[in-house]
Amino acid sequence: AGGGGGCQLPAEWRPLSEGCRAELAAIIVYARVLALHPDPYGAYNYLPWQRGPPGGPQQGAGDLFYSAEIELLCDQAWGSMLEVPAGSRLNLTGLGYFSCHSHTVMQGYAYFFFLRMDENYILLPHGVNFQEAIFPDTQENRRMFASLFQFSNCSQAQHVLSFSSDWEIQEDNRLMCSSVQKALFEEEDRVKKLQQKVATLEKRNKQLRDRVKKVKRSLRQARKNSRHMELVNRKLSEKLSSAGGQIPYINSLKQENSHATYLKV
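Model, not experiment: these values are computed from the prediction.

J.: Explain the packing of aromatic side chains to me, using residue names and the numbers behind them.
T.: All chains considered together, the criterion is met by six aromatic pairs. Where F114 meets F145, the ring centres are 5.8 Å apart and the plane angle is 80°; that geometry is what we call edge-to-face. Here the residue F114 occupies a position in strand β5 (residues 110-117), and F145 occupies one in helix α2 (residues 139-145), the gap between them amounting to 31 residues. The burial state of F114 is the same as that of F145; both residues are buried. An aromatic cluster of three or more residues is present, and its members are Y30, F112, F114, F135 and F145.

J.: Explain the side chain of H126 residue by residue, including any values.
T.: Note that H126 resides in the loop between β6 (123-125) and β7 (134-136). Residue H126 is classed as buried on the basis of its relative accessible area of 18%.

J.: Just give me the short version of the environment of L90, but keep the residues and values in it.
T.: Mapping L90 onto the fold places it in strand β3 (residues 89-97). Distance in space between the C-alpha atoms of L90 and A68 is 8.3 Å, their sequence separation being 22 residues. Excluding residues within four positions of it along the chain, L90 makes contact with A68, E69, I70, L72, L82, V84 and L123.

J.: Would you mind going over the environment of F98 in detail, with residue names and values included?
T.: Within the secondary structure layout, F98 lies in the loop between β3 and β4 (102-103). Since its relative accessible area comes to 12%, F98 is described here as buried. Considered as a pair, F98 and L64 are 34 residues apart in the sequence and their alpha carbons are 7.8 Å apart.

J.: Could you give an account of the nonpolar core, with specific residues and numbers?
T.: If you look at the biggest cluster of nonpolar residues, it comprises 36 residues, and the most contacted ones within it are I28, V29, V105, F113, F114 and F149. Residue assignment for this core shows that the elements contributing at least two residues are β1 (27-38), β2 (65-72), β3, β5 and β7. Those residues in contact with I28 that lie beyond four places of it in its chain are A22, Q76, A77, S80, F113, F114, L148 and F149.

J.: Explain unusual backbone geometry to me, using residue names and the numbers behind them.
T.: For Y121, which is not glycine, the phi dihedral falls at a positive 65°. Mapped onto the elements, Y121 comes out in the loop between β5 and β6. For Y121, a relative accessible area of 67% puts it in the exposed group. Non-glycine residue N129 carries a positive phi angle of around 60°. Residue position: N129 is located in the loop between β6 and β7.

Calculation criteria
Residues numbered from 1 in each chain as written. Predicted model: local features only at pLDDT ≥ 70, side-chain atom pairs only at ≥ 80, totals over all residues. Heavy atoms only, no water. Phe/Tyr/Trp six-rings, centres within 6.5 Å; stacked < 30°, edge-to-face > 60°. Helix = DSSP H or I, 4+ residues; strand = E, 2+ residues; numbered from the N terminus. Buried < 20%, exposed > 50% of the residue type's maximum accessible area, 1.4 Å probe, protein only. Contact = heavy atoms within 4.5 Å. Core = buried A, V, L, I, M, F, W, Y, C linked by side-chain atoms within 4.5 Å.

Take a look at the structure:
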């Protein structure tokens, strides 16, 4: 994978098994690479959000891109859109070392290919779900793809047929794959929505906790003010009480002064 944010997969991306991706691949063939031919810079097999304008960082790297002449060792896999028999020779382009992925083969070796055809009837690797489109001819991969091919016309049927004894089980699993993956995606979507609800509730809970803290602070401040007012009132009451004994003396002075003034007049 190349660097930079342009190579990032969509946020909702999930890996799919090869069996599930085989259901979505337009064409699947088992073929041997006969020859490789250099290709000029092309725009095939780019990640949709990563493609750069002509003259970008990939320009001038033509030696990294090539096409291949392949020969079908079997008829195409069941359900494929390609109507050519075993032994046919085809040209496959869109191979090489790209910025965010690679589709590479070697001359003289056999591979299982996921392919698609563009509007100009050019065959390209079909990287279903942005995953691998080319699988080496190994025992494990033969076993994995054994249920996809009609072996009656295979030129190498003798070593491929040995993996077809559990064909019915593999076919059942293959047919169930889409529904299982759909259920998994629906469950992931449900979990995502629940996580969003939980995040919303946590946010509201935090807001409520902050409000409770403010109310508690206000209540503590009110209690503090109340105790302060009680203290002030107590001191005022004490002062009034201590001054209360002087009030009769003051009243008698007022009466004497009032009588003296009357006599003087």
